[in-house]
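Report on the structure
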Amino acid sequence: MTVTHPKGFRASGVAAGLKATGDLDVALVVNDGPDFTAAGVFTGNRVKAAPVLWSQQVLKGGIVRAVVLNSGGANACTGPQGFQDTHATAEHTATVLRGGPKPQLIGAGDVAVCSTGLIGELLPMDKLLPGVNAAAKALAADGGPAAAEAIMTTDTVAKNAVVQRDGWSVGGIAKGAGMLAPALATMLVVITTDASANNEVLDAALREATRLTFDRIDADGCMSTNDTVLLLASGASDRQPSQEELTAAVTEVCHDLAQQLIADAEGATKHIAIEVKGAASEADAVEVGRTVARNNLVKTALFGNDPNWGRILAAVGTTSARFEPDRVDVAINDVWICKGGAAAEDRSKVDLSGRDVKITVNLREAEMEATIWTTDLSHAYVHENSAYSS
């Protein structure tokens, strides 16, 4: 139930020595067609890693026949040499696949490249390129789980998802456990479908799916340099769903993966859903939810099992959303401890002993709503992001 579940795709994951642990660190996902259409969404950070810049160029051509991914190094902020290394990786991957057991008419411009790891260091090409050779030899129709494992960094578990429709499907793999924030995260995501769709349909589906899923998880308000989400279509099912059908399926897979990402966020002890209701606009609802999600006083209170609604209300008050302070209601785990901007039910009724937490903010302005997912701020998060470079 992974990226190779849709027909027409093979994948692999191998250990090339990029990680000191010896774990899997190079992945390859190949589209065997007959279609090779694709779409991509990338980090909104102005500081973009070399593989992001390269893959953005590849997507302009509208065809992606293969994606090569590595963990163990981000190849970000590495200057002209870093971009040359990305180009060399794509060129090498294309050469290897042209001579493989299933030869492809593939060039470097058909290969997307994704990297993740420490920023500021060049990749060891003497290890990466032989790793690509090994990954090409290991390609298999059941290789999705190995590919998902090979892109892990601080992740504790691999992330896979599949949605099955009548005669066609969508599958995906993802990595990411920190710096989860809108305009993406420190995430790499490859989504595949055996449906037939042109680039415009794929692009519309992916952007809508991303808007409602990956753009609404926010672990720590930080944005990475390497974030990449790719959608590849093989057309191998010979089915052509409508725009609405494809968007719904892609959104379902993205939501599944996004929830796996936030559940595995670094050091998290709480999985927090912030539901904002009664907003004058969707933008207002998203802004309020995102502001609460990024508020360190709220996050530390929840780590300490403190249902501190005052911190939540104060965070809402920093936004530009339309609301009247004396009309706002706040609930934690369905206990309405704030009504009309003042204390309501006894806060001791809120049970925060479990991992899942739901915060509901009702602005009582109109009918729009949105949900943002976040985590608490724990000792473990501080330790993981200070004890070593990641």
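The structure we're discussing is the one just above.
Because the structure is a prediction, the values reported are computed rather than measured.

Calculation criteria
- Residues numbered from 1 in each chain as written.
- Predicted model: local features only at pLDDT ≥ 70, side-chain atom pairs only at ≥ 80, totals over all residues.
- Heavy atoms only, no water.
- Axes fitted to C-alpha atoms, helices over the stretch in contact; angles between N-to-C directions.
- Helix = DSSP H or I, 4+ residues; strand = E, 2+ residues; numbered from the N terminus.
- Parallel < 35°, antiparallel > 145°, perpendicular 65-115°, else oblique.
- Left-handed = near helix turned anticlockwise from the far one by under 90°.
- Contact = heavy atoms within 4.5 Å.
- Nonpolar A, V, L, I, M, F, W, Y, C, P; charged D, E, K, R; others polar.
- Pairing = 2+ DSSP bridges.
- Buried < 20%, exposed > 50% of the residue type's maximum accessible area, 1.4 Å probe, protein only.
- Right-handed = clockwise from strand over helix to strand, strands pointing away.
- Core = buried A, V, L, I, M, F, W, Y, C linked by side-chain atoms within 4.5 Å.
- Salt bridge = Lys/Arg side-chain N within 4 Å of Asp/Glu carboxyl O.
- Arc of directions from axis to C-beta.
- Polar contact = N/O pair within 3.5 Å; in protein donor to acceptor, adjacent residues only side chain to side chain.

Where helix H1 (residues 50-60) meets helix H2 (residues 79-98), the axes come as close as 8 Å, and the angle between the chain directions of the two elements is 55 degrees. One finds that H1 runs oblique with respect to H2. Between H1 and H2 the crossing geometry is right-handed. Residue-level inspection shows Ala50, Pro51, Leu53, Trp54 and Gln57 of H1 in contact with H2, the latter providing Gly82, Phe83, Thr86, His87 and Ala90. Residues of the contact of H1 with H2, tallied by class, amount to six nonpolar, four polar and no charged.

Turning our attention to the sheet that holds strand E6 (residues 159-164). Pairing in this open sheet of five strands is mixed, and the strands run E3-E9-E8-E7-E6 from one edge to the other. The strands lining the two open edges of the sheet, one partner per strand, are strand E3 (37-42) and E6. When strand polarity is set aside, the average angle formed by the axes of neighbouring strands in this sheet is 10 degrees. Where E3 lies against strand E9 (residues 228-233), six bridges are found, and the strand directions are antiparallel. Looking at the pairing, alanine 39 lines up with leucine 231 of E9. Most of the contacts of helix H5 (residues 199-212) go to E3, to which it runs at about 30 degrees, and overall it touches E3, strand E8 (188-193) and E9. Across the sheet, helix H6 (residues 243-263) lies against E6, strand E7 (169-175), E8 and E9, angled at about 155 degrees from E6, the strand it touches most.

Okay, H1 next. Within H1, burial applies to Ala50, Pro51, Val52, Trp54, Ser55, Val58 and Leu59. Tucked inside the fold, the buried residues of H1 contact E3, H2, strand E5 (111-115) and E9. Two residues or fewer after H1 comes glycine 62, characterised by a positive phi angle close to 80 degrees.

Attention shifts here to the side chain of aspartate 110. Within the secondary structure, aspartate 110 is located in the loop between H2 and E5. Ignoring sequence-local partners within four residues, the contact set of aspartate 110 consists of Val58, Ile63, Val64, Arg65, Ala66 and Leu105.

Another aspect to go through is the pairing of E5. Summarising burial for E5: five of the five residues are buried, a large majority. Alternating residues of E5 divide into Val111, Val113 and Ser115 and Ala112 and Cys114, and every residue in both groups is buried. Summarising the sheet, strand E4 (residues 66-70) and E5 pair through five bridges and their orientation is parallel. In the strand pairing of E5, valine 67 is matched with alanine 112. Crossover connection from E4 via H2 to parallel E5: handedness right-handed.

In this structure, Leu28, Val64, Val67, Leu69, Leu97 and Leu230 are the most contacted members of the largest nonpolar core, which totals 48 residues. Here leucine 28 is in contact with Arg10, Ala11, Ser12, Val67, Val68, Thr93, Leu97, Ala135, Ala136 and Leu139, once residues within four sequence places are set aside. One finds Trp168, Ile191, Ala249 and Ile262 within the second-largest nonpolar core, a separate group that totals 36 residues.

Take the packing of helix H7 (residues 282-293) against helix H9 (residues 309-316) next. Relative to each other, H7 and H9 sit at 130 degrees, their axes nearing to 9 Å. Viewed along their axes, H7 and H9 adopt a mutual orientation that is oblique. Considering how the two elements wind past one another, H7 and H9 form a crossing that is right-handed. Packed against H7, whose contacting residues are Val288, Thr291 and Val292, the element H9 presents Ile312, Ala315 and Val316 at the interface.

So, about the pattern of salt bridges. Across all of its chains, the model carries 16 salt bridges by this definition. Here arginine 207 ties to aspartate 203 by a salt bridge, and the two come within 3.0 Å at their closest N and O atoms. Of the two residues, arginine 207 and aspartate 203 both sit in helix H5, four residues apart, roughly one turn of that helix. Here arginine 207 falls in the partly exposed class, since its relative accessible area comes to 44%. Using a relative accessible area of 29% as the deciding quantity, one classes aspartate 203 as partly exposed. Aspartate 329 serves as the salt-bridge partner of arginine 364, at 3.7 Å between the closest nitrogen and oxygen. In this pair, arginine 364 is assigned in the loop between strand E14 (356-362) and strand E15 (368-375) and aspartate 329 in strand E11 (residues 329-332), connecting sequence segments 35 residues apart. One salt-bridge network, held together by shared partners, links Glu208, Arg211, Arg216 and Glu282.

Quick look at helix H8 (residues 296-303) now. Those residues of H8 lying buried are Val298, Lys299, Ala301 and Leu302. Buried positions in H8, seen along its axis, are confined to an arc of 160 degrees and lie on one side of it. The N-capping residue of H8, defined by a side-chain oxygen 3.0 Å from the backbone nitrogen of leucine 297, is asparagine 295. Residue asparagine 305 follows H8 closely and has a positive phi angle near 60 degrees.

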